[in-house]
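Structure assessment
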Amino acid sequence: MLKLTPEEAAFRDEVRAFFAADYPAHVIAKNAAGQQLDKQDHIDAQRALHARGWLGVGWPRDHGGTGWTPAQRYIFDQELELANAAAIIPMAVIYIGPIIAAFGSDRQKAEWLPAILESRAFWAQGYSEPEAGSDLASLRFSAVRDGDDYILNGTKIWTSGAQWADWIFCLARTSREERKQQGISLICAPLDLPGIRIHPIRLIDGSYELNRVEFDDVRVPVANRIGEEGQAWHYANVLLKTERLSYAHIGAKKRDLARLLAEAAHMPASGGGTMDRDPAFRLAAARVEAKLAAIEASVLRSLRTEISMATAAALKIACTECAQAISELAIDLAGRARLPMLGRDEPDWTAAAPAVPGFGPLAVQSYLFERAQTIYGGSTEIQKTIIWRALAAMAR
Amino acid sequence: MLRDSVRAFLAARGDRSWAALVDRLELGEALRDARQGAIVAEEIGRARAALPFAETAVTQWLLERCGGPGFEAAAVLTMAWAEPGMRYDMADIAMTARRDGDGWRLGGSKSAVGWAPACDRLVVAARTAGTVGERGGLSLFLLDPALAPNLRTHAHRTIDGRPAADLIFEDQFFGADALIGKPDQAIDLIEEARDRATALLAAEAVGLLDSLLAQCIAYTGQRRQFDRPLADFQALQHRMVDMYLECELARSAAWLAVEALDEDAATRAHAVSSAMVNIARGCRFVGQQAIQLHGGMGMTDELPLGHYVKRAMAIEVEWADADWHLARIAG
Ligand SMILES: Cc1cc2nc3c(=O)[nH]c(=O)nc-3n(C[C@H](O)[C@H](O)[C@H](O)COP(=O)(O)OP(=O)(O)OC[C@H]3O[C@@H](n4cnc5c(N)ncnc54)[C@H](O)[C@@H]3O)c2cc1C
């Protein structure tokens, strides 16, 4: 059950060959050198995938998607990560694309989906609000009907990539109902409309990838609503089901762990020798490796069978905590250089600290940023609540 | 008394520089006395003030022990030991200082020396004899970096936002008086300096961790989700209790380190390492949980929280990491 079939193995080889030959080498080189990718890099990367018909992962085939099985999707994700290719920005391709394909109007499908695949439109996800985080259903962002338009008011926060995005899809309250999950609609807006202001938020790792987006009487046509009024909660949950493995990132974990071990071979250990021979470090790395092996088996297991909400939640916790454990190993390794923080926009960014291994600043940034993995996408605490509900149901 | 005045100084507006702190509160004594120093360090941690306290205190101590020249307490002093080719063992120092006539020529690299871009004087550990890995052959030099044209200074900032620099000595000449203390025999002093600095950092961590816990208690008490304060959820209550347990151990650990500083070398080493293993675990756990409990807010640079976490991370690794201390305990 954990082995690839011959067809899957052939597909893996095909994907691997693609990243080696037909994918922009400058993107891979930048990633490998720890340099920050800019929007154009992502466009180049997406275009290469699209040229091969591989950008619409998780989309149905008749909308330009790949139509892959879960196993193929997983193999592709893993090869992309192992190749050091750019992570696909999920907002458009992974989050809203499949929802548009499933619930959008014909016009939305005809206009929005090709724009995503052709990298003409980047999207942002407007779910969270200052007062609605874990308790997302309590959101207050409002859409009030005015003829053929909605008037949008409210604040979205933690909006990843809004600085690059052309569109935003928002959860908006269109009516007050008995249950707070009801009366929420999915409404899209171009981000350059009058009344929208984007405020960048600086994160602890020094990045500016998140934003606060304010809407002040922003007018959009009712035709920008996806699906039925008041049904957004249902759509979001459908998406959740199809995307439960999007946090797995097994390939990235393998890549990062391998990279760490390679770095260790160049790092001096106390009392001579290098850190790859340091017993404490080796055991610590082996511990993470063992965990990762079990997690990979969990993911493979879940590809072959229907998994429960509880299993999916357990997997999210395991995968995100494992990513954090790898980033901890990295700062443990790099710690001797006192954890410098350096800007990484320029190709020669390591020159600012010539006596410090370039690995250090990368380790710092990833440790800090990866703290977010257990916060977004349903925090670890919220996942545990989901799991407990399932366990409690067993007693009944 | 001392605690209150440091706390009041750090809470006030206006000049919070090192010189102002030292002059206003007459901290000369606290720089020499580890118990008083620990109180100052704890308050510096609580306020997360970026001040070169441990660096200066330990360098002053070294100068005194070496019979070097005295500096006013307000001077910013720091010590350069770490190098790209070593981890935490001082015997692995490779930088060379060779005699040239009356004086010395220094060659080699020091990495991420805290406060180097802002210091008045620098004490540098270099090899005057022996080979890398040997305990013998290390000596200390007192330098004015401003008067060293063949010293390349690459200034950057460490995770805690403090100034640091990579220092590359290209056969820089220094006069005979640069050497302080006995030549070739500095390693015991360097190791004791590390333990003294570590004890002060442990005390600073106590203030940092206390404050992080207090910030979490305040935030979860005020932040509402699911129609009630986050602090109503028992899962989070128990998490904060776990943080408190680490804070308590950290406080005891800091005492353990400070009170062992005047013991014999073996006792001191054991106590300081035991302390630091606990401090490092506390820094890691409390820092991670503090971010987690704040959700998205914990990820922003706008709250003080993240800056506390990053200072705690710096303390974990500044003079040696938990693995090195564990190895020293294990012997
Ligand atoms: C890097 C990053 C990127 C993001 N990108 C986006 C984006 O593009 N679009 C978007 O809409 N949102 C985005 N988010 C927001 C993310 O979804 C929220 O941060 C998340 O839902 C948590 O909400 P919160 O930050 O308000 O934390 P809170 O809900 O205030 O939670 C704070 C803490 O309390 C805990 N907690 C809450 N309720 C309970 C409970 N009942 N029991 C026990 N513990 C509880 C949480 O687990 C957490 O530890 C992003 C967040 C981050 C950090």
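Small disclaimer: the values here were computed from a predicted structure and weren't measured.

Rules used throughout
- Residues numbered from 1 in each chain as written.
- Chains lettered and ligands numbered in written order.
- Predicted model: local features only at pLDDT ≥ 70, side-chain atom pairs only at ≥ 80, totals over all residues.
- Heavy atoms only, no water.
- Helix = DSSP H or I, 4+ residues; strand = E, 2+ residues; numbered from the N terminus.
- Buried < 20%, exposed > 50% of the residue type's maximum accessible area, 1.4 Å probe, protein only.
- Contact = heavy atoms within 4.5 Å.
- Areas by Shrake-Rupley, 256 points an atom, 1.4 Å probe, with all protein chains shown as cover.
- Lys, Arg positive; Asp, Glu negative; His and termini not counted.
- Charge placed at Lys NZ, Arg CZ, Asp CG, Glu CD.
- Rg over C-alpha atoms; globule rule 2.2 N^0.38 Å.
- Buried area = accessible area lost by both parts, 1.4 Å probe.
- Salt bridge = Lys/Arg side-chain N within 4 Å of Asp/Glu carboxyl O.
- Axes fitted to C-alpha atoms, helices over the stretch in contact; angles between N-to-C directions.
- Parallel < 35°, antiparallel > 145°, perpendicular 65-115°, else oblique.
- Left-handed = near helix turned anticlockwise from the far one by under 90°.
- Nonpolar A, V, L, I, M, F, W, Y, C, P; charged D, E, K, R; others polar.
- Domains from an automatic or database assignment.
- Polar contact = N/O pair within 3.5 Å; in protein donor to acceptor, adjacent residues only side chain to side chain.
- Pairing = 2+ DSSP bridges.
- Patch = residues over 30% accessible without salt bridge, like charges linked within 9 Å, V, L, I, M, F, W, Y side chains within 5 Å.
- Phe/Tyr/Trp six-rings, centres within 6.5 Å; stacked < 30°, edge-to-face > 60°.
- Near = heavy atom within 4 Å.

Time to look at the overall build of chain A. Check the secondary structure of chain A and you find 12 helices and nine strands. Each of the three principal axes of chain A carries a C-alpha extent, and together these read 75 × 50 × 45 Å. Here chain A holds 396 residues, and the buried ones make up 52% of them. Sequence-distant contacts, at least 24 apart, represent 70% of the contacts inside chain A between residues at least 6 apart. Only carbon and sulfur atoms are counted for the fraction: they give 54% of the accessible area of chain A, which is about 17400 Å². Looking at charge distribution, chain A has the averaged site of its 44 positive side-chain charges lying 5 Å from that of its 48 negative ones.

Helix and strand counts for chain B come out as 11 helices and 10 strands. A globule of 331 residues ought to have a C-alpha radius of gyration of about 20 Å, and chain B, at 21 Å, matches this closely. Dimensions of chain B, computed from the C-alpha atoms along their principal axes, are close to 80 × 45 × 35 Å. A buried classification covers 59% of the 331 residues belonging to chain B. Sequence separation of 24 or more characterises 71% of the internal contacts of chain B that already satisfy a separation of 6 or more.

Contacts between the two partners involve 49 residues from chain A and, on the opposite side, 50 residues from chain B. Where chain A abuts chain B, roughly 4200 Å² becomes buried across the two surfaces, and 55% of that area is made up of carbon and sulfur atoms. Of all residues in chain A, A:I204, A:R336 and A:R338 bury the most surface against chain B, accounting for 22% of the area lost on that side. Put simply, chain A and chain B have six salt bridges between them. Two residues, B:R239 and A:E381, come together in a salt bridge whose shortest N-O distance is 2.9 Å.

Packed helix pairs are specified by the crossing angle of their axes together with the interaxial distance, meaning the distance between the axes. Residues and elements named next belong to chain B. Interhelical geometry of helix α6 (residues 187-222) versus helix α10 (residues 304-317) gives an angle of 150 degrees and a closest axis separation of 10 Å. With respect to their mutual orientation, α6 and α10 come out roughly antiparallel. Crossing angle aside, the handedness with which α6 passes α10 is left-handed. Touching L201, E204, A205, L208, S211, L212 and Q215 of α6 are P304, L305, Y308, V309, R311, A312 and I315, all from α10. Its residues assigned to classes, the contact of α6 with α10 shows 10 nonpolar, two polar and two charged.

It is worth spelling out the domain arrangement of chain B at this point. Interface size is often expressed as the accessible area that is lost when the parts come together. All names here are of chain B. Domain parsing of chain B yields domain 1 (2-66), domain 2 (77-186) and domain 3 (188-330). On a C-alpha basis, the centres of domain 1 and domain 2 stand 25 Å from each other. In this complex, domain 1 contributes 12 residues to the contact, which on the side of domain 2 involves 12 residues. Together, the buried faces of domain 1 and domain 2 total about 1100 Å²; carbon and sulfur atoms form 72% of this surface. Our count for the contact surface shared by domain 1 and domain 2 stands at zero salt bridges. Between domain 1 and domain 2 we count three residue pairs in polar contact (both at pLDDT 80 or more) in total. Class assignment of the residues belonging to the side of domain 1 that touches domain 2 gives a composition of seven nonpolar, three polar and two charged.

The next thing to look at is the domain arrangement of chain A. Residue and element names in this part refer to chain A. Looking at the assigned domains, one finds that chain A contains domain 1 (6-88), domain 2 (123-230) and domain 3 (247-395). Taking the mean C-alpha position of each, domain 2 and domain 3 sit 32 Å from one another. Contact residues are listed per partner, giving seven residues for domain 2 and six residues for domain 3. Carbon and sulfur atoms make up 66% of the area that domain 2 and domain 3 hide from each other, which totals about 510 Å². Three residues, S134, I204 and D205, lead the burial of domain 2 against domain 3; their summed loss comes to 79% of the area buried on that side.

Turning our attention to the pairing of strand β1 (residues 77-80) of chain B. Across a regular strand the side chains alternate sides, sitting on one face of the sheet and then on the other. Residues and elements named next belong to chain B. Across the two faces of β1 the burial is the same, with L77 and M79 and T78 and A80 all buried. When β1 meets strand β4 (residues 121-127), the two strands line up parallel, connected through four bridges. Bridging from a neighbouring strand, L77 pairs with R121 of β4.

Once that is clear, we can look at a nonpolar patch on the surface. All names here are of chain A. A cluster of nonpolar side chains, namely W388, L391 and M394, defines an oily patch on the protein surface of about 390 Å² accessible area. Here L391 is to be found in helix α12 (residues 380-395). The exposure class of L391 is partly exposed, given its relative accessible area of 40%.

With that settled, the discussion passes to the packing of aromatic side chains. Residues and elements named next belong to chain A. Summed over the entire model, instances satisfying the criterion amount to 23 aromatic pairs over all chains. Ring centres 6.2 Å apart and planes at 65 degrees place the aromatic pair F11 and W54 in the edge-to-face group. Of this pair, F11 sits in helix α1 (residues 6-21) while W54 sits in the loop between α3 (39-51) and α4 (70-82); the two residues are 43 residues apart in sequence, bridging distant segments of the chain. The exposure class of F11 is buried, given its relative accessible area of 7%.

Around the ligand sit 27 residues, and of these A:S134, A:S379, A:E381, B:Q292 and B:G296 come closest. Close to the ligand, residues of chains A and B are found. The backbone of A:Q125 places a nitrogen or oxygen atom 2.8 Å from a nitrogen atom of the ligand. Between an oxygen atom of the ligand and a main-chain N or O atom of B:Q292, the distance comes to 2.6 Å. About the coverage of the ligand: the protein hides 93% of its 970 Å² of free accessible area. At the level of elements, α12 of chain A together with α8 (265-294) and α9 (296-299) of chain B are the ones that each hand at least two residues to the shell around the ligand. The class makeup of the residues in the shell around the ligand is 14 nonpolar, 11 polar and two charged.

Right, let's get into the packing of α4(A) against helix α8 (residues 250-264) of chain A. Residues and elements named next belong to chain A. α8 packs onto α4 with a crossing angle of 25 degrees between their chain directions and a minimal axis gap of 7 Å. The angle between the axes of α4 and α8 places the two elements in the roughly parallel class. For the element pair α4 and α8, the recorded crossing hand is right-handed. Contacts from Y74, Q78, E81 and L82 in α4 reach I250, G251, A252, K254 and R255 in α8.

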